[in-house]
Amino acid sequence: TALRKKDPAIYNPKHKFFSAEEEDEGDESGDGKSSKKKKEKKVTMKDYMREKLLAGGDSGSDEDQPKKKNRPMTYTEEQDDLKKAFAAAAREIDEELGSASSDGEDLSLLKKRKKTKAEQAHEEREFETWAKKQKESKKES
């Protein structure tokens, strides 16, 4: 309204239309404009490393000391841990069953299965037919 009325106060450079508090609120309103006074300070690598050390971070680089506890396990590591846990559990069960067996019977959790003669003969025939097909395919090419 001061513009419409051509108030002479608008031409006075010392006259303030808004208080400092209102200007701060206006900057935070999200209009996309920020004052030059509130620019963020640039962070150098030296400052970053100093802050990291003061915060209790490690002193070396990540390549020197890999952090196992801060990173998730890979699929292979999970599988290795599962295999070790299974083997330990199987050993415990074997020890318990082995001590409980008094008549000499093998009560282990896992036993190696022995093939019958018929199964061995069948596997040998399958292998021979496979080997013949392999020779034929090499001759053709």
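Overview of the structure. (Residues numbered from 1 in each chain as written. Predicted model: local features only at pLDDT ≥ 70, side-chain atom pairs only at ≥ 80, totals over all residues. Heavy atoms only, no water.)

So, the overall build of the protein
Thinking step 1. Counting secondary structure elements, the protein contains 5 helices and 0 strands.
Thinking step 2. Secondary structure elements of the protein, listed N to C terminal, follow the sequence α-α-α-α-α.
Thinking step 3. Burial status across the protein gives 4% buried among its 141 residues.
Thinking step 4. Of the roughly 14300 Å² of accessible surface on the protein, 53% is carried by carbon and sulfur atoms. (Helix = DSSP H or I, 4+ residues; strand = E, 2+ residues; numbered from the N terminus. Buried < 20%, exposed > 50% of the residue type's maximum accessible area, 1.4 Å probe, protein only. Areas by Shrake-Rupley, 256 points an atom, 1.4 Å probe, with all protein chains shown as cover.)

A look at a nonpolar patch on the surface
Thinking step 1. A contiguous nonpolar surface patch, about 440 Å² in accessible area, is contributed by Val43, Met45, Tyr48 and Met49.
Thinking step 2. Tracing the chain through its elements places Val43 in the loop between helix 2 (20-28) and helix 3 (45-54). (Patch = residues over 30% accessible without salt bridge, like charges linked within 9 Å, V, L, I, M, F, W, Y side chains within 5 Å. Salt bridge = Lys/Arg side-chain N within 4 Å of Asp/Glu carboxyl O.)

Focus on the packing of aromatic side chains
Thinking step 1. For the structure on display, the rule yields 1 aromatic pair.
Thinking step 2. Here the aromatic rings of Phe127 and Trp130 are separated by 5.8 Å at their centres, their planes lie at 35°, and the arrangement is tilted. One end of the pair is Phe127 and the other is Trp130, both in helix 5 (residues 117-140) and 3 residues apart, which spans about a single turn. (Phe/Tyr/Trp six-rings, centres within 6.5 Å; stacked < 30°, edge-to-face > 60°.)

Regarding unusual backbone geometry
Thinking step 1. A positive phi is found at Lys6, a non-glycine position, where the angle reads about 55°.
Thinking step 2. Secondary-structure assignment places Lys6 in the loop between helix 1 (2-5) and helix 2.

Looking at the pattern of salt bridges
Thinking step 1. For the structure on display, the rule yields 4 salt bridges.
Thinking step 2. Its salt-bridge partner being Arg71, residue Glu77 comes within 3.4 Å of it at the nearest N-O pair.
Thinking step 3. Overall, the relative accessible area of 35% leaves Arg71 in the partly exposed class.
Thinking step 4. The residue Lys115 makes a salt bridge to Glu123 at a minimum N-O spacing of 2.8 Å.
Thinking step 5. For Glu123, a relative accessible area of 40% gives the class partly exposed.

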